[in-house]
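For reference, the chains in residue letters:
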Amino acid sequence: LGNTILLLDKATSGSIKYKWRDITDLNKSDLRNLRKEIQIIFQDPFASLNPRLTVGNAILEPMKVHHIGKSDNERKEKVFTILNKVGLDDNAFYKYPHEFSGGQRQRIGIARTIALEPQLIVCDESVSALDISVQAQVLNLLNDLKSQFGFTYIFISHDLAVVKYMADQLLVMNKGEIEEIGDADDIYTSPQKDYTKKLINAIPKGI
């Protein structure tokens, strides 16, 4: 479903409405604009970064493609600002992905995503590969950035404790079918479907 929303997989039926418009059959120009507006933060930050590019160039590359910034210098300054916002210093610009920890690489992936000034970000199991303590740091960062930039997340996860922390609206799926959809607090408080109840009961106590 996430890939279909991102138009990486073609919908075989139905429609996907974004800003009240069906996006399943866009022309090349509209599709290019949409690519900028809807971005993704991947599950594996290392696999999503080119090991031959410095972090700075990995973030600059899509900015150039989408004509963000009036000059290379302006784009470079923006990259420094974004790196600082995700908790990395200016030196990160000149380093390569292998020089960072998993949590730091996820911060780099987040920086590359928000550099394109998206309005909707699909988070595909974005913290599942991280240690618990690092997960909390990245989740807090994502919430802070949401407040700063005003974008919306579609947060995909098998960990309902994580979803509970991040989500306002909740959609529970089972084998490709929607089990339950609604306000996240309402579903956590009084789930209607057995499948949802099992997922909620699996959350460790105290979370």
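For the structure, check the block above.
For clarity, every value in this text was computed on a predicted model and none was experimentally measured.

Student: Could you clarify how one ought to interpret unusual backbone geometry in this entry?
Tutor: A negative phi angle is the norm for most residues apart from glycine, just as the trans form is the norm for most peptide bonds. Despite not being glycine, His-67 shows a phi value in the positive range, around 55°. Relative to the helices and strands, His-67 is located in the loop between α3 (55–65) and α4 (72–85). With a phi close to 55°, Glu-117 is a non-glycine residue in the positive phi region. Positionally, Glu-117 belongs in the loop between α5 (102–114) and β4 (120–124). Looking at Glu-117, the relative accessible area reads 42%, which means it is partly exposed.

Student: Any chance you could explain a nonpolar patch on the surface here in plain terms?
Tutor: The grouping of Leu-1, Leu-171, Met-173, Ile-178 and Ile-181 at the surface amounts to a nonpolar patch, some 480 Å² of accessible area in total. Every element with two or more residues in the nonpolar patch is listed here: β6 (169–174) and β7 (177–183). Relative to the elements of secondary structure, Leu-171 occurs in strand β6. Leu-171 sits in the partly exposed class, given a relative accessible area of 36%.

Student: Quick question: what am I supposed to make of the packing of α3 against α4 here?
Tutor: How two helices pack is summed up by the angle between their axes together with the distance between the axes. α4 packs onto α3 with a crossing angle of 120° between their chain directions and a minimal axis gap of 10 Å. Considering their axes alone, α3 and α4 lie oblique with respect to each other. Where α3 crosses over α4, the two elements pack in a sense that is right-handed. Of the residues in α4, those in contact with Val-55, Gly-56, Ile-59, Leu-60, Met-63 and Lys-64 of α3 are Asp-72, Arg-75, Lys-76, Lys-78, Val-79 and Leu-83. In terms of residue class, the contact of α3 with α4 is made up of six nonpolar, one polar and five charged.

Student: For this particular structure, what's the right way to read the packing of aromatic side chains?
Tutor: Aromatic rings considered in pairs are described by the distance between their centres and by the relative angle of their planes. Under the defined criterion, the tally for this structure stands at five aromatic pairs. Ring geometry for Phe-149 against Phe-151: centres 5.9 Å apart, planes inclined by 5°, an arrangement best described as stacked. When its relative accessible area of 4% is taken as the criterion, Phe-151 is described as buried. Among the aromatic residues, those joined into a cluster by ring pairs are Phe-80, Phe-93 and Tyr-94. For Lys-164, the ring lying beneath its charged end belongs to Tyr-188, and the centroid distance is 5.7 Å.

Reading the values: the criteria
Residues numbered from 1 in each chain as written. Predicted model: local features only at pLDDT ≥ 70, side-chain atom pairs only at ≥ 80, totals over all residues. Heavy atoms only, no water. Helix = DSSP H or I, 4+ residues; strand = E, 2+ residues; numbered from the N terminus. Buried < 20%, exposed > 50% of the residue type's maximum accessible area, 1.4 Å probe, protein only. Patch = residues over 30% accessible without salt bridge, like charges linked within 9 Å, V, L, I, M, F, W, Y side chains within 5 Å. Areas by Shrake-Rupley, 256 points an atom, 1.4 Å probe, with all protein chains shown as cover. Salt bridge = Lys/Arg side-chain N within 4 Å of Asp/Glu carboxyl O. Axes fitted to C-alpha atoms, helices over the stretch in contact; angles between N-to-C directions. Parallel < 35°, antiparallel > 145°, perpendicular 65-115°, else oblique. Left-handed = near helix turned anticlockwise from the far one by under 90°. Contact = heavy atoms within 4.5 Å. Nonpolar A, V, L, I, M, F, W, Y, C, P; charged D, E, K, R; others polar. Phe/Tyr/Trp six-rings, centres within 6.5 Å; stacked < 30°, edge-to-face > 60°. Lys NZ or Arg CZ within 6 Å of the ring centre and 35° of its normal.

Functional significance is not addressed by these values, which are geometric in nature.
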